[in-house]
Every structure is written in C-alpha cells, then in structure tokens.
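Observations on chain architecture
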Amino acid sequence: MEFEYEDDDFVAWCNECEKVRVEEGSLDGKCWEQGEFKIVCEKCYFKIKESNIEKISKI
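Parameters and conventions
- Throughout this document, residue positions are counted from 1 along each chain, in the order its sequence is written.
- Confidence filtering applies because this is a predicted model: local features only for residues at pLDDT of at least 70, side-chain atom pairs given and counted only at 80 or more, and all residues used for totals across whole chains, interfaces and linings.
- Computation of side-chain values covers all heavy atoms of the structure but excludes hydrogens and water.
- Comment: elements are numbered from the N terminus, with helices defined as DSSP H or I runs of at least four residues and strands as E runs of at least two.
- Relative accessibility under 20% of the residue-type maximum defines a buried residue, over 50% an exposed one, and the middle range a partly exposed one, all with a 1.4 Å probe and only protein chains included.
- Computed by Shrake-Rupley with a 1.4 Å probe, the accessible areas treat only the displayed protein chains as cover when residues are assessed.
- The working definition used for a salt bridge is a side-chain nitrogen of Lys or Arg within 4 Å of a carboxyl oxygen of Asp or Glu.
- Patch members must show over 30% relative accessible area and no salt bridge, and they are joined within 9 Å when carrying like charges or within 5 Å when they are nonpolar side chains of Val, Leu, Ile, Met, Phe, Trp or Tyr.
- We call Phe, Tyr and Trp rings a pair once their centres come within 6.5 Å, taking the six-membered ring for Trp, and we label the pair stacked below 30 degrees between planes, edge-to-face above 60, and tilted otherwise.
- When the sulfur atoms of two cysteines come within 2.5 Å, that pair is taken as a disulfide.

A tally of regular secondary structure across the chain gives three helices and zero strands. Moving toward the C terminus, one meets the helices and strands of the chain in the order α-α-α. Relative to its 59 residues, the chain shows a buried fraction of 14%. In the structure as shown, the chain presents an accessible area of about 5,400 Å², 53% of it carried by carbon and sulfur atoms.

This is the structure in structure tokens:
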C-alpha cells in the first residue's frame with residue numbers, strides 16, 4: 001500500500017486523551033477504555049486533521 005502523504009505517522013487523538021497520555025505515560029489505560037477510536041482512510045485523516053488545526057488556530 002502506498003500513501004499519498006509520507007510526512008505523517010497517521011496516529012492521532014484528542015486533547016483530552018493527550019492530557020491522560022501525559023499524566024499516565026501512555027494511552028493504554030483510560031483513553032482506550034473510554035475513547036471512541038476509529039480507523040479512517042488517508043484522505044479522511046488529513047481532512048479531519050486540517051479541520052482540527054483550523055479549530056485550534058481560532059482559539
């Protein structure tokens with residue numbers, strides 16, 4: 001499989017999970033149990049990422 005974009009590791013999570021990851025040292029616990037993780041295709045991943053970057057930049 002070839003990816004159109006090679007500058008990203010295609011792994012992402014929300015700010016709340018990032019806080020837990022920093023506090024607990026990993027995403028293995030609370031986030032995996034409570035999170036609603038989804039697998040998305042490459043194009044959808046970058047659309048979602050761009051949307052989130054735009055939201056953050058407006059804050």
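Below, the discussion takes up the pattern of salt bridges. For the structure shown, the criterion picks out three salt bridges. Here Glu18 ties to Arg21 by a salt bridge, and the two come within 2.7 Å at their closest N and O atoms. Of this pair, Glu18 and Arg21 both sit in helix H1 (residues 15-24), separated by three residues, roughly a single helical turn.

There is a patch of nonpolar side chains on the surface, built from Val11, Trp13, Trp32 and Phe37 and spanning about 400 Å² of accessible area. By the element assignment, Trp13 lies in the segment before H1. The class for Trp13 is partly exposed, based on a relative accessible area of 36%.

Once that is clear, we can look at the packing of aromatic side chains. Within the structure shown, the criterion is met by one aromatic pair. Ring centres of Tyr45 and Phe46 lie 5.0 Å apart, and the angle between their planes is 85°; on these two criteria the pair is classed as edge-to-face. An identical accessibility class is assigned to Tyr45 and Phe46; each is buried.

Our next topic: the state of the cysteines. As enumerated under the stated definition, the model contains zero disulfides in all. Take Cys41: it sits in no disulfide, and the sulfur closest to it among the cysteines is that of Cys44, at 3.5 Å.

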